[in-house]
Every structure is written in structure tokens, then in C-alpha cells.
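Read off the chains here:
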Amino acid sequence: QLNDDLDIMILFASALKEWDQGRWQNAEILFLTLKQAKTDSDQAGLEYYKQMSDAYLADLKLLSPLKEGFDPKTVEQAKEDLVDVLSARNNLKTKGRAPFNTLQWQRQINAKIKHIEAKQQRAILESKEQRENAVKYWAMAKSNALRALKQHDFERVVKELKKVKAISEDDKAWRSSILYLTENAVALYKSTSVALEGKSADFVVKRLDGMVEYEKLLGAKPEGLLVGVEDREKLLAWRDLSPYTMIDLHKKISIVQLSEDEKNQRREQLIAYTWLTGLEAKARSGAESLADASPTFSKRWKACMEAVN
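Residues numbered from 1 in each chain as written. Predicted model: local features only at pLDDT ≥ 70, side-chain atom pairs only at ≥ 80, totals over all residues. Heavy atoms only, no water.

(A) Structural view of the overall build of the protein. When helices and strands are counted, the protein shows 11 helices and four strands. Taken over C-alpha atoms, the radius of gyration comes to 42 Å for the protein, far larger than the 19 Å a tight globule of 309 residues would show. Principal-axis analysis of the C-alpha atoms places the extent of the protein at approximately 130 × 40 × 35 Å. Across the 309 residues that make up the protein, the buried fraction comes to 39%. The long-range fraction of contacts in the protein, counting pairs at least 24 apart against all pairs at least 6 apart in sequence, stands at 57%. Here the protein displays about 18,900 Å² of accessible surface, and carbon together with sulfur accounts for 49% of that area. For the protein, the distance from the average site of its 50 positive side-chain charges to the average site of its 47 negative ones is 4 Å. (Helix = DSSP H or I, 4+ residues; strand = E, 2+ residues; numbered from the N terminus. Rg over C-alpha atoms; globule rule 2.2 N^0.38 Å. Buried < 20%, exposed > 50% of the residue type's maximum accessible area, 1.4 Å probe, protein only. Contact = heavy atoms within 4.5 Å. Areas by Shrake-Rupley, 256 points an atom, 1.4 Å probe, with all protein chains shown as cover. Lys, Arg positive; Asp, Glu negative; His and termini not counted. Charge placed at Lys NZ, Arg CZ, Asp CG, Glu CD.)

(B) Inspection of the sheet that holds strand β2 (residues 213-221) at higher detail. The strand order β1-β2-β3-β4 describes an open sheet built from four strands, whose pairing is antiparallel. The open sheet has two edge strands, β1 (201-206) and β4 (232-237), and neither has a second partner. With strand direction ignored, the average angle separating the axes of adjacent strands in the sheet is 50°. Here β2 pairs with strand β3 (residues 224-229) via four bridges, running antiparallel. By the bridge assignment, Gly-219 is partnered in β3 with Leu-226. On the sheet, helix α7 (residues 169-196) packs against β2 and β3 and is oriented at approximately 95° with respect to β2. Contacts from helix α8 (residues 243-252) reach β1, β2 and β3, with the element oriented near 155° to β1. (Pairing = 2+ DSSP bridges. Axes fitted to C-alpha atoms, helices over the stretch in contact; angles between N-to-C directions.)

(C) Expanded view of the packing of helix α5 (residues 97-150) against α7. In contact at an axis separation of 13 Å, α5 and α7 are set at 35° when each is read in the N-to-C sense. Handedness of the crossing formed by α5 with α7: left-handed. Contact residues: Trp-138, Lys-142, Leu-146 and Leu-149 in α5; Asp-171, Trp-174, Arg-175, Ile-178 and Thr-182 in α7. Considered class by class, the residues forming the contact of α5 with α7 number five nonpolar, one polar and three charged. (Left-handed = near helix turned anticlockwise from the far one by under 90°. Nonpolar A, V, L, I, M, F, W, Y, C, P; charged D, E, K, R; others polar.)

(D) Here's a closer look at helix α4 (residues 75-90). For α4, with 16 residues, the first-to-last C-alpha span of 23 Å sits near the 22 Å given by 1.5 Å per residue. Within the span of α4, buried status applies to Val-75, Ala-78, Asp-81, Leu-82, Val-85 and Ala-88. An end-on view of α4 places all buried positions within 140° of arc, on one side of the element. Residues of α4 that are exposed and point over 90 degrees away from its buried face: Glu-76, Glu-80, Val-83 and Asn-90. Considering only its buried residues, α4 is in contact with α3 (43-67) and α5. (Expected span 1.5 Å × (residues − 1). Arc of directions from axis to C-beta.)

This is how it looks when you write it as C-alpha cells:
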């Protein structure tokens, strides 16, 4: 029971203050209290404040779902939020704080749209730059790998191709096949080094350029063969070795103690090596022979040749 018009005005003013301060829950309680109020004074005045309370309560119901704020992840979501805000503004019954809030929300959403669009643009530019860099790095790595292939520097080929990704499907197939071949050749170097470590023999070792021959083999290291030059020991790098010498050498290296799978693996390594060093006819002959014993190798070799030829 309110005593007079002054009590009604005070209650309504308190509700408005809570409303303007954004304390909507408190404002709602006061507006509802006013709606249920009775007075011995001017009933017309009370009815006016009740109607005003209805308007604010209606706006409160309209704006409450939007009050929690907006966190759109896409421009489309932001525009949907903007439609909700504008729709709410068009249906407001009060002036002042309610339309002001919707204006602030509209500005926030527009700023969010600009932020998302700028972020998307940066992502597009970064993606374009990444693609351009990927193309550039691949071209550089492939060029280096081709140069290393001509020099029989297969370890360098593996290093160059493993640090980048190929771009096109054809390049991906080529990269995979060249890695298969060169990794097998490098594995052949390793197995040869292990087999010859600490061993010496009278064996003619020829250089790739055909200019020099060494008649004494003094063993091997991971980097290449050890050969005798007069009274000195000299390291001949694998890439400087004549492929014919490597083939002759493997005819001498015993593989009796190896399992059948290990023998086939060694044969596969030698086939890859002979192909890489330009002895393609010999590689094809060896591949045909091994294909009869290993269907998996046959499939692998066929795919490899299709990619590199």
C-alpha cells in the first residue's frame, strides 16, 4: 500500500535509476512492485506509472536475451546478431537507455565484423604467402636434388628432399620415388661400410671420372672406401666411386649369412644404386630378376619407374 503520489514517484524513479545503471534485475522487481501497488490518492497517476512499468518490462523481456553480449566467430553469425539487435530496437516501447544499449551493441557487432574480416584477409594473405614460399622452396630443393643426383651425392638428395614438401601430385610422386631410390643407395653405402670395416684386399678400385685406379682396398668408413696410395691411406667418397667398382665389390662381399629377405633387400639397394648411377639397363635386368622372387618389390619398382620416367 502506497500512501500518496510521492511514494509512487519515488518508487518509479528508483526503478528508472536501476534501469539506467544496467541493474535490470533490480529494476524488474521495482517495476513489478509498482504494477501491484495500490494508493489512496490519484488513481489516474498510478495507472500512468503502471502503464510505463509495463513498457519497461516489455523492453526488458525483449533485450534480456541480448544483454549477455555477442561473440560471433564468423561474419555470418555477426550479421545474424545484428539483425536481432535491430529488430529489438524497432520494437522498443521506451526511450533513453534501451535504444542506447542497442546502439552500443550495434557498434560492437560492426567492430567485430571488421575484426573478423581483417583476420580473414590476413589469413588469405598469409596462406598466399605460404603457398608462394612452398613453391619457391620446393623449386629450390628440387633443383639442388637434381644437381646432387648428377654428382651421385645421394645423401645430399635425401637431405634436400626431406626438408620440403612437393606441390603438385606429379612432384609428390617424383619426390617419393627419388627418396626411395636414394635412401636405398645410402643404405647400400652403409651395408658396404659395415661389411668391409677393418678388411683389406688386393682389389682394383676405380674413380667415377675414370682417371685414377687404386689397386689396394684397405677397408671402408661410413663416408666411403679406404684405398692405398703408395704408403698412404686415402678415403674415396662414395659419390666419387665408379658404379662398376661398387657392382664388382658386391660380387665379392659374402651374403651367405644373410636371410632371404635380407638378401633381397641388398639386391634392391644395388638395383636402386645402379639406376641412379646411369646403369639403367643393368638396373632393369636386376629388377626383372628380383620381381620374380618378390611381388611386393615388383609393385614398388613399377610405381617408382612410372614416377621418375
